[in-house]
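So the chains spell out like this:
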Amino acid sequence: MLSVLLITFPFFALVACGFAATWRGILPQAAIPGLNAFVLYFALPCMLYRFGAQTPIHQLLDINVTLVYLFCATLMVGMTVLLTRRRLGWNDAAFGALVAAFPNTGFMGVPMLAALLGAQSAGPVIVTMAIDMVITTSACIALSRLDLAGWQGRNGVWLAVRKSLKGMASNPMPWSILLGGLASAMGWVLPGPVDKTVAMLAAAASPVALFTIGAVLARSQMNSHERVAARDYVPIALAKLVVHPLLVWTVGLAAISMGLGLQHETLVVLVLLAALPSASNVSLLTERYGAHSGRVARIILVSTSLAFLTFSAAVALMT
């Protein structure tokens, strides 16, 4: 356990540094969008492209990983909505479900699992990112519209899905995954100077992304003055850190026992991905669609704070 903590500590320490820098005013809040833009449009796409280009194409098209992970994500969304919709309504229940099922794969999972497990984690990481960004997010946004005037019925849900997919199309991360997969399939190699530039940007993704997570979490707490009952966010954070990885582990073992071609090493990667804290970008979607942003921000903060222990424990148990 101590050896695992020694590996995971620097990642969470960078998050803490970003939080402290913003909380103490060392990093101005006005600078956070710039950090986000650098990570989202430059550093992280380069890292994902390199992962995709260096991963065999059969790992990027692993239908077994897709089926297991998508089934578990659907169960997490369904259970969370079922347990919270009557009290919170469709909008808040849907985004609570999204934050319960969507791990922080891009900003935390990619660099951390690469350090812990090496290149073998790249294929499952990329597959799960694509599922979460396109399918899980679109489904939850569609669910969030069900109780709003003008959105009822099949046409309203379809309009919500289309708007969500349009938003995903402007996100550079899915495109970088696609280009990396094409490069792997076609055997493309970037020219030397271009490849070095991409490598330098990719190397910056991990520290800047983790620092930015801390800054975003601090900003959300500094700008939120409303009180939120603990029962509205603590259970969701615990579900993300405990229920989600246990669900993936159980479903994965069942799939292996039924003869589905899922490797044990791949299942380990999927469980650790599910054990990550909630994705920080869900708070931006929450604000855009008028849900309770303070509640979602607290879920992300609690899950990120507790993940230092719960994720490290999951790594120790699984590896």
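See above for the structure.
All values derive from a computational prediction rather than experimental measurement. Throughout this document, residue positions are counted from 1 along each chain, in the order its sequence is written. The predicted nature of this model means local features are confined to residues of pLDDT at least 70 and side-chain atom pairs, given and counted, to a pLDDT of 80 or more, with totals for whole chains, interfaces and linings taken over all residues. Excluded from the side-chain calculation are hydrogens and water; included are all heavy atoms of the structure.

(A) Molecular detail of a nonpolar patch on the surface. On the surface, a nonpolar cluster with roughly 480 Å² of combined accessible area is contributed by Phe71, Leu75, Met79, Val242, Val243 and Leu246. Each helix is a run of DSSP H or I of at least 4 residues and each strand a run of E of at least 2, with the numbering of both proceeding from the N terminus. For the nonpolar patch, the elements supplying multiple residues, two or more each, are helix H4 (63–101) and helix H10 (234–257). Here Met79 lies in helix H4. With a relative accessible area of 38%, Met79 lands in the partly exposed category. Two distance rules govern patches: like charges are joined within 9 Å, and nonpolar side chains (Val, Leu, Ile, Met, Phe, Trp, Tyr) within 5 Å, applied only to residues with over 30% relative accessible area and no salt bridge. Only the protein chains shown count as covering a residue, and every accessible area follows the Shrake-Rupley method with a 1.4 Å probe. Here, a salt bridge means any side-chain nitrogen of Lys or Arg that lies within 4 Å of a carboxyl oxygen of Asp or Glu. Throughout this description, buried means an accessible area under 20% of the type-specific maximum (1.4 Å probe, protein chains only), exposed means over 50%, and partly exposed covers the range between.

(B) Here's a closer look at the nonpolar core. In this structure, Leu113, Leu272 and Phe311 are the most contacted members of the largest nonpolar core, which totals 88 residues. Sort the elements by how many residues they give to this core and H4 lands first, with 13 residues. Ignoring sequence-local partners within four residues, the contact set of Leu113 consists of Gly118, Ser121, Val125, Val269, Leu272, Leu273 and Phe311. We call a set of buried residues a nonpolar core when its members are Ala, Val, Leu, Ile, Met, Phe, Trp, Tyr or Cys and they connect through side-chain atoms within 4.5 Å of each other. Judged by nonpolar contacts, the second largest core, of 5 residues, contains Ala21, Leu27, Ile32 and Ala215. The contact rule is simple, with two residues in contact once any of their heavy atoms fall within 4.5 Å.

(C) The pattern of salt bridges, seen in detail. Scanning the entire structure with this criterion turns up 2 salt bridges. A salt bridge links Asp195 to Arg50; its shortest N-O distance comes to 3.5 Å. Of this pair, Asp195 sits in helix H9 (residues 192–223) while Arg50 is found in helix H2 (residues 32–54), placing the two residues 145 residues apart along the sequence. Residue class for Asp195 comes out partly exposed when judged on its relative accessible area of 32%. Judged by its relative accessible area of 22%, Arg50 falls in the partly exposed class.

(D) Structural view of the packing of H10 against helix H13 (residues 293–318). Running from N to C, H10 and H13 cross one another at 40°; their axes reach a closest spacing of 7 Å. Comparing their axes, H13 and H10 come out oblique. Where H10 crosses over H13, the handedness of that crossing is right-handed. When H10 is examined against H13, the residues Ile236, Ala237, Leu238, Leu241 and Trp249 are found in contact with a partner set consisting of Arg295, Ile299, Val302, Ser303, Leu306, Ala307, Thr310 and Met318. Looking at the contact of H10 with H13 residue by residue, the class counts come to 10 nonpolar, 2 polar and 1 charged. For helices, the axis comes from a line fit to the C-alpha atoms of the stretch in contact; other axes are also lines fit to C-alpha atoms, and the angle between any two N-to-C directions lies between 0 and 180 degrees. Throughout this description, any angle smaller than 35 degrees is read as roughly parallel, any larger than 145 degrees as roughly antiparallel, any in the 65 to 115 degree range as roughly perpendicular, and the remainder as oblique. Definitions for this section: a left-handed crossing has its near helix turned counterclockwise from the far helix by less than a right angle. A right-handed crossing has that turn clockwise. For this classification, Asp, Glu, Lys and Arg are treated as charged, while Ala, Val, Leu, Ile, Met, Phe, Trp, Tyr, Cys and Pro are nonpolar and the rest, including Gly, are polar.

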